[in-house]
Every structure is written in structure tokens, then in C-alpha cells.
Amino acid sequence: MSILVVLEQRDGHVRPVSREALGEASRLAASLGGPVVGVCCAVADPGLAALGEAGADKVLLATHEAFARYDAAGFATAVAAAVTAVAPALVLFPASAMGRDLAPRVAAMAGVGLASDCSALAVADGRVVATRPVYAGKALQKVAFTASPAMASLRPKLFAPIEPAGGRTAAVEPLAFAWDAAAPRAKVTGLAGAKSGKPDVTEAEIVVSGGRGMKGPEHFTLIEQLADALGASVGASRAVVDAGWRPHGEQVGQTGKVVAPKLYIAVGISGAIQHLAGMTSSKCIVAINKDPDAPIFKVADYGIVGDLFEVVPALTSALRQSR
Amino acid sequence: MLQIVCIKQVPDTETRVKVAGDGRTLDPAGVTWVMNPYDEYAVEAALQLKEKLGAGEVVAVSLGGATVQTTLRNALAMGADRAIHLRTDALAPDGLAVAKALAEVIRPLGPGLVWLGKSAADDDAAQVGPMLATLLGLPCTTVVAAFELDGQTARVEREIEGGREQVELPLPAVLTCDKGLNSPRYASLKGIMAAKKKPIEERALDLGAPHLELVSLELPPARAAGRIVGEGAAAVPELVRALRDDAKVI
Ligand SMILES: Cc1cc2nc3c(=O)[nH]c(=O)nc-3n(C[C@H](O)[C@H](O)[C@H](O)COP(=O)(O)OP(=O)(O)OC[C@H]3O[C@@H](n4cnc5c(N)ncnc54)[C@H](O)[C@@H]3O)c2cc1C
Ligand SMILES: Nc1ncnc2c1ncn2[C@@H]1O[C@H](COP(=O)(O)O)[C@@H](O)[C@H]1O
């Protein structure tokens, strides 16, 4: 039985979450069987053959002029056609903004259950069992599927891509799908506020977040300088987003984004349960806070107790020097 | 225009999670049940639009056990006109089953807009909205943080990695709401009094065969205890060393 992996591209570039999903598919193929087949919606081939190195045996390319941007109805129709054509045992989506929107549509079209935003997948007695954080990460739920194919979306940053196998290429084949683009549908008309080159907090290797301890929006230059010294993206607690100091896109937590970078630095953040929900899957957590009893220290691997206005500039300059 | 708001009742976000004796579900003892926070944005959006249009009806729908009526009553107190309670005492984490049940109730009502939360704070599946839209055959945008109606066209914005997608969709449509869409109102005393007289229609429901099987609910492994490397700026060199040599993350 094959595994179908939904690959995400934007502006002709395959996004990193696609390689993460292919990596997990390759690992599962050892027990579920292969091949690993990708499916990608685009206006033109974004270089899919190269994904052979990431674990794809074959990639189906669905092209349409409407696919320059994410087209929910069109992508769902194409991916559903791939599900029918491939008849996989398992379909994997990245739990990115696109995948979180797309996966439920495809699952509803196929009439099967979906395990969203999974943190782990396993095969037990030939069945796929998905582990997913629930109750804002306070518990882990395991679910199995009652029909085939099983469908799951994978939380970004938690699944490792495979080590590139030198020079392996995937066969790229066009995917036939019947879609009436004239039917009423949601159309993306633009992308506003596309920021600097910095990755989104959900995709960054390192995130430096500031909280109410920053005392005001003007002091976030300290956070930005520390982030620059580390090549990190900037995050924020809800308190500072609600105060209008930082944009909502930076909010980490239950009502913001869930991040799992290799390093998360929390500066002047108390560590409320709703904030922890968004960052406790990070590999390494550092907390800088003047209150030794702040709950953030309970989840931190390393903590510094002290005034952030002294500690942060010292940390930034130490990192700059150690480069 | 008739608008539907789908509301899930969930444990308060402060809830301490205890696994029930069955090893698969949340122990409900001591849990405070509230309206899913994202559904508050959905209720508010529907009410604001009704007020702007000066006409129409807002119907709140919730699927769940007997306790969901308090949450539906809360929606009525905020200003919804009536409510439908789809009664089931076996609410599994199965978004497709919920979407199918909601679709059956919603289809004959012929709404102009169906509002949901982007995800439920308990199982955080973020799937009922787009599944419901697919079953109803309606255009849908998820994670909506800005909304404007221009005749029969909705203009909305949604957060994606690195920016905000601007989306246009024709009514009737399904929208799921993100934080930032609006500031949900509190029920006024007058609203609470009025809600007592508004109807909640209860319908029995059989969810049918599940699409997902619940295997277990477990507490996550605790993070290994960390350490305070020191106080103030003096601790910085040790922190940098630990990050570089021990954790190997920089
Ligand atoms: C339904 C719901 C959803 C929520 N969702 C989220 C969410 O998604 N994300 C989120 O973050 N929160 C969320 N919250 C809010 C959360 O409960 C907290 O209110 C919020 O996280 C607090 O932000 P903070 O840590 O920045 O501020 P505070 O709790 O005020 O903490 C500030 C910290 O800064 C420290 N500090 C102050 N001055 C200094 C200094 N000079 N040097 C060093 N340290 C200093 C203090 O000791 C303190 O620990 C949610 C709440 C609810 C009810
Ligand atoms: N049992 C339910 N009753 C009514 N609406 C629901 C129910 N479950 C989910 N929803 C709606 O679907 C949204 C997303 O839920 P979920 O897909 O479970 O994360 C919620 O915010 C609600 O608007």
C-alpha cells in the first residue's frame, strides 16, 4: 500500500514542511509499505523531481492557472483526485496554514476521519495510530482510523526530514482532475503585510519572544537585536499583542501559534498555561525573568533570574562576539 | 438573512487535565464548561452583521450533552434569536461525524452565512468548519481575522505564514473565526433576562459509526527539570556555553 503526501509550495518554492512530511512517510513506509507518492498543486513544476532526495518515489503534479495562490476548492478537488488514483493506506498533510485548511476538505470528500496537527505517528498491528496534543498540550490523545485511507496532518518542526540520499530523483507525472473553476468559491485576491525575509514563528529554528516584562513596544528593539544575533524570529505573549505592542501573527500560545523550534527564549514572560500551550514542544527553552517563582522556569531548560534590561543586551553582545 | 453559529462547549482553558478511569477521556469532575473561545468571535460576528443589516435571524447550534444548554443560553443572552441543541451524550473526537450532523440541520435552513470557531479548545482539531462547508457544497474560508460584507460578497483576511491572505467569497458561505476578528460582547443583564424567554429546540441525535477510534488519553511526559544558570548579566557566559556545548542549539 502506498502513502500519499500532500506537498506545499509557494511562489515556485517547495516549503520545508513538505520535506518533513516526506521524511515521516519514508519512515512509516518501512512498516506500512511504499511507495511514497507526493501530490503538489501549482501553476508549474517547482522542481519536484528533487524531492526524491527527501523520500518521494513519485510526485503527481496538478497544474491549473488558478493555482498561483492557494485555492481551497481547486486544491481539494485535485488532492481528492490523487487519493482516488493512488488509493493509499495513509494520506499526510503538513499542518501549515494551507494544510490545516485543506486536509478537512479532502477528508470530507473521501468520507474518512482526519487526525489533525499530530505530534507523532506509529503503526501498530498494521494500523496507523496518531498522537495529537489536546487540551492545549495538557494531554496527548491517541486515535486510530476506522476506514481507509487514514488521514493526518503533521505539526510543523516535529518531524525530521530524511538525510538527503545523494542524487535520488522522483518521477514527476501530471495529475488529471476534473474541476469546475467557474463554480462559486473562495478566491485569494492578495497577500498583505508579507514581512521581511524572516521565517514565520512556526517555521523558525529559533524564536525569541517578549512579554509584558518588556514594559513597552519601544523596548522590543532589545528582542529584535537578540533575535538578529541568533538568526531568530520574534514572538510575543498575548498580553503584549492585546496591548497592541506586537502584531497578532507573532503571538505564541493557545490562541496564537504553536511553535516547536530548537531554541525558544522567553523574555519577560510569566509562563501562563495558555502561553505554555504554544511552546512546550520546543527542543530547548530559555527563560529570562526577574521573578524566580515565575512558572516559565518550570518548563525552562536554562533560566536566568534577573532584570531583562541588563541580561538581554549582555546576551546579545556575547552572542555577537562568539560568532 | 439567516445566520447560523455553531458553538461547542469546552472545558475552561484553566482546567487541570485528569484522565478518566476509562483511560481515554477527560475526567469531568470539577470541570467548568464554557463556550469555546473562538466561538465567541463567531457569535459576535453574526450579531454585528445582523445589527448592520438591521434584519435577519441568528440561530445558535450546538451538539453535545445536557450541559451545552447553559452555553447556548449564553449565546442567546449575547443576542442570538434562538438555539438548536443536538443532543448526544457520546461526543467522540470525530469532526466528520459532527460536521455531518450539523450539515443535516443547517441545510434545510438555507443560511446566508454559517459561522464557526477556527478550532475547539479541547481537541483543537480545526476541522468541523471546512468539513461542514464541503458537505454543504458552500465556499469557505478558515481562520478569518477580518470580515466585510459587500452585497453578496464577503471580503475576509486570514493569517498565513509570513502574511495575511485576502480572500473574496460569494454568499452563502461558511467562515471560521480567529482571534482578532472582533471583541466579543458580554451578555448584559437585559440580555440574560431576555434569553430566558428565547427558545432552545432539543433534537435527539445518533452520530452513527465513528470515523476515528479513540485509543487513549495520556498526560504528556514532563519536561526534564531545567536549571537556573545564575542571576543577572553575570550568568550570560555560562548560558551561552550551555547552549553551545551542552544543548548544541546555537
Ligand atoms: C482563553 C485564553 C487564551 C489565552 N491565550 C494566550 C496565548 O495564546 N498566548 C499567551 O501568551 N497568553 C494567552 N493568554 C493569556 C495568559 O493567560 C497570560 O495573561 C499572558 O500569557 C501573560 O503574558 P505575559 O507573560 O507577557 O505577562 P505577565 O503575566 O504580566 O508576565 C510578565 C513577566 O515579566 C516579568 N518581568 C517584568 N519586568 C521584568 C524585568 N525588568 N526583567 C525580567 N522580567 C521581568 C515578570 O516577573 C512577569 O513574570 C490567554 C488567556 C485566556 C484566558
Ligand atoms: N459539538 C459541536 N457543536 C457545535 N459546533 C461544533 C461542535 N464541535 C465543533 N464545532 C464547531 O466547529 C469549530 C471547530 O471545532 P473543531 O473542528 O472540533 O476544532 C468550533 O469552534 C465550533 O464552531
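Residues numbered from 1 in each chain as written. Chains lettered and ligands numbered in written order. Predicted model: local features only at pLDDT ≥ 70, side-chain atom pairs only at ≥ 80, totals over all residues. Heavy atoms only, no water.

Section: the overall build of chain A
Here is step 1 of the chain: Summing up its helical and strand segments, chain A has eight helices and 18 strands in all.
Here is step 2 of the chain: Here chain A has a C-alpha radius of gyration of 21 Å; the compact-globule value for 323 residues is 20 Å, and the two agree.
Here is step 3 of the chain: Projecting the C-alpha coordinates of chain A onto the three principal axes gives extents of approximately 60 × 45 × 40 Å.
Here is step 4 of the chain: Per-residue burial for chain A yields a buried fraction of 61% across its 323 residues.
Here is step 5 of the chain: Of the roughly 11500 Å² of accessible surface on chain A, 54% is carried by carbon and sulfur atoms. (Helix = DSSP H or I, 4+ residues; strand = E, 2+ residues; numbered from the N terminus. Rg over C-alpha atoms; globule rule 2.2 N^0.38 Å. Buried < 20%, exposed > 50% of the residue type's maximum accessible area, 1.4 Å probe, protein only. Areas by Shrake-Rupley, 256 points an atom, 1.4 Å probe, with all protein chains shown as cover.)

Focus on the interface of chain A and chain B
Here is step 1 of the chain: On the side of chain B, 74 residues touch chain A, which itself brings 87 residues to the contact.
Here is step 2 of the chain: For the chain A and chain B pair, buried surface summed over both sides reaches about 6600 Å², with 56% attributable to carbon and sulfur atoms.
Here is step 3 of the chain: When the buried area of chain A at its contact with chain B is split by residue, A:Tyr135, A:Lys138 and A:Tyr302 rank highest and sum to 10% of it.
Here is step 4 of the chain: Linking chain A to chain B there are eight salt bridges.
Here is step 5 of the chain: A salt bridge links A:Arg127 to B:Glu213, with the shortest nitrogen-to-oxygen separation between them at 2.9 Å.
Here is step 6 of the chain: Our enumeration of links across chain A and chain B arrives at 39 residue pairs in polar contact (both at pLDDT 80 or more).
Here is step 7 of the chain: Per element, the largest residue contribution to the side of chain A that touches chain B is eight residues, and it comes from helix α3 (residues 97–110) of chain A. (Contact = heavy atoms within 4.5 Å. Buried area = accessible area lost by both parts, 1.4 Å probe. Salt bridge = Lys/Arg side-chain N within 4 Å of Asp/Glu carboxyl O. Polar contact = N/O pair within 3.5 Å; in protein donor to acceptor, adjacent residues only side chain to side chain.)

Considering the site of ligand 2
Residues and elements named next belong to chain B.
Here is step 1 of the chain: Of all residues adjacent to ligand 2, which total 19 residues, the nearest are Cys 6, Asp 39, Ala 120, Ala 126 and Gln 127.
Here is step 2 of the chain: Ile 7 is positioned with one of its backbone polar atoms (N or O) 3.3 Å from a nitrogen atom of ligand 2.
Here is step 3 of the chain: Between ligand 2 and the protein, one listed contact pairs a nitrogen atom with a backbone N or O atom of Leu 63 at 2.8 Å.
Here is step 4 of the chain: For ligand 2, whose free accessible area comes to 480 Å², the fraction covered by protein is 98%.
Here is step 5 of the chain: Taken together, the elements giving at least two residues each to the shell around ligand 2 come down to β4 (57–64) and β6 (113–117).
Here is step 6 of the chain: With three residues, β4 is the largest single contributor of residues to the shell around ligand 2.
Here is step 7 of the chain: Looking at the shell around ligand 2 residue by residue, the class counts come to eleven nonpolar, five polar and three charged. (Near = heavy atom within 4 Å. Nonpolar A, V, L, I, M, F, W, Y, C, P; charged D, E, K, R; others polar.)

Details of the sheet that holds strand β7 (residues 140–150) of chain B
Here is step 1 of the chain: If you trace the ten strands from one edge of the open sheet to the other, you get β13(A)-β9(B)-β8(B)-β7(B)-β10(B)-β6(B)-β1(B)-β4(B)-β5(B)-β11(B), paired in mixed fashion. The outermost strands of the open sheet, each flanked by one partner alone, are β13 (187–192) of chain A together with β11 (200–204) of chain B. Neighbour-to-neighbour, the strand axes of this sheet turn through a mean angle of 30 degrees, independent of strand direction.
Here is step 2 of the chain: Pairing of strand β8 (residues 153–160) of chain B with strand β9 (residues 163–170) of chain B involves eight bridges; the strand directions are antiparallel. Bridging across to β9(B), B:Glu157 finds its partner in B:Gln166.
Here is step 3 of the chain: Where helix α1 (residues 37–53) of chain B meets the sheet, its contacts fall on β1 (2–6), β4, β6, β7 and β10 (173–177) of chain B, and the angle it forms with β6(B) comes to roughly 150 degrees. (Pairing = 2+ DSSP bridges. Axes fitted to C-alpha atoms, helices over the stretch in contact; angles between N-to-C directions.)

Re the confidence of the model for chain B
Low-pLDDT stretches of the model should not have their predicted coordinates read in fine detail.
Here is step 1 of the chain: Across chain B, the average pLDDT comes to 96, with 100% of residues at 70 or higher.
Here is step 2 of the chain: Quick note on the complex model: pTM equals 0.94, ipTM equals 0.95. (pLDDT = per-residue confidence, 0-100.)

Comments concerning the pattern of salt bridges
Residue and element names in this part refer to chain A.
Here is step 1 of the chain: For the coordinates displayed, the defined rule picks out 43 salt bridges over all chains.
Here is step 2 of the chain: Note that Lys 157 is salt-bridged to Glu 205, the shortest N-O span being 2.7 Å. On the criterion of sequence distance, the pair formed by Lys 157 in the loop between β11 (150–154) and β12 (171–174) and Glu 205 in the loop between β13 and β14 (206–210) is long-range, its members being 48 residues apart.
Here is step 3 of the chain: Judged by relative accessible area, Lys 157 falls into the buried class, the value being 16%.
Here is step 4 of the chain: Residue Glu 205 is classed as partly exposed on the basis of its relative accessible area, which comes to 43%.

What about the site of ligand 1?
Here is step 1 of the chain: Around ligand 1 lies a shell of 27 residues, among which A:Ser237, A:Thr255, A:Ser270, A:Gln274 and A:Asn289 are the nearest.
Here is step 2 of the chain: Proximal residues around ligand 1 fall on chains A and B, making this an inter-chain site.
Here is step 3 of the chain: Between ligand 1 and A:Gln274, the relevant distance is 2.7 Å, taken from an oxygen atom to a side-chain nitrogen or oxygen of the residue.
Here is step 4 of the chain: Here a nitrogen atom of ligand 1 sits 3.1 Å away from a polar atom, N or O, in the main chain of A:Lys290.
Here is step 5 of the chain: Taking 990 Å² as the accessible area of ligand 1 by itself, protein coverage stands at 80%.
Here is step 6 of the chain: Of all the elements in the fold, those that place two or more residues in the shell around ligand 1 are α5 (238–242), α6 (273–276) and α8 (308–321) of chain A.

Remarks on helix α4 (residues 220–230) of chain A
Residues and elements named next belong to chain A.
Here is step 1 of the chain: Considered for burial, the residues of α4 that qualify are Phe 220, Leu 222, Ile 223, Leu 226, Ala 227, Ala 229 and Leu 230.
Here is step 2 of the chain: On the buried face of α4, the contacting elements are β14, β15 (233–236), α5, β16 (263–267) and α8.
Here is step 3 of the chain: Directly beyond the C-terminal end of α4, a positive phi value near 65 degrees is found at Gly 231.

Things to note about unusual backbone geometry
Here is step 1 of the chain: Backbone torsion omega between A:Gly34 and A:Pro35 reads -5 degrees, so that peptide bond is classified as cis.
Here is step 2 of the chain: Note on placement: A:Pro35 falls in the loop between α1 (16–32) and β4 (36–42).
Here is step 3 of the chain: Unusually for a residue other than glycine, A:Tyr135 sits at a positive phi of about 45 degrees.
Here is step 4 of the chain: A relative accessible area of 17% places A:Tyr135 in the buried class.
Here is step 5 of the chain: Positive phi, normally seen in glycine, also occurs at B:Val143, with a value near 55 degrees.
Here is step 6 of the chain: Among the structural elements, B:Val143 can be located in strand β7.

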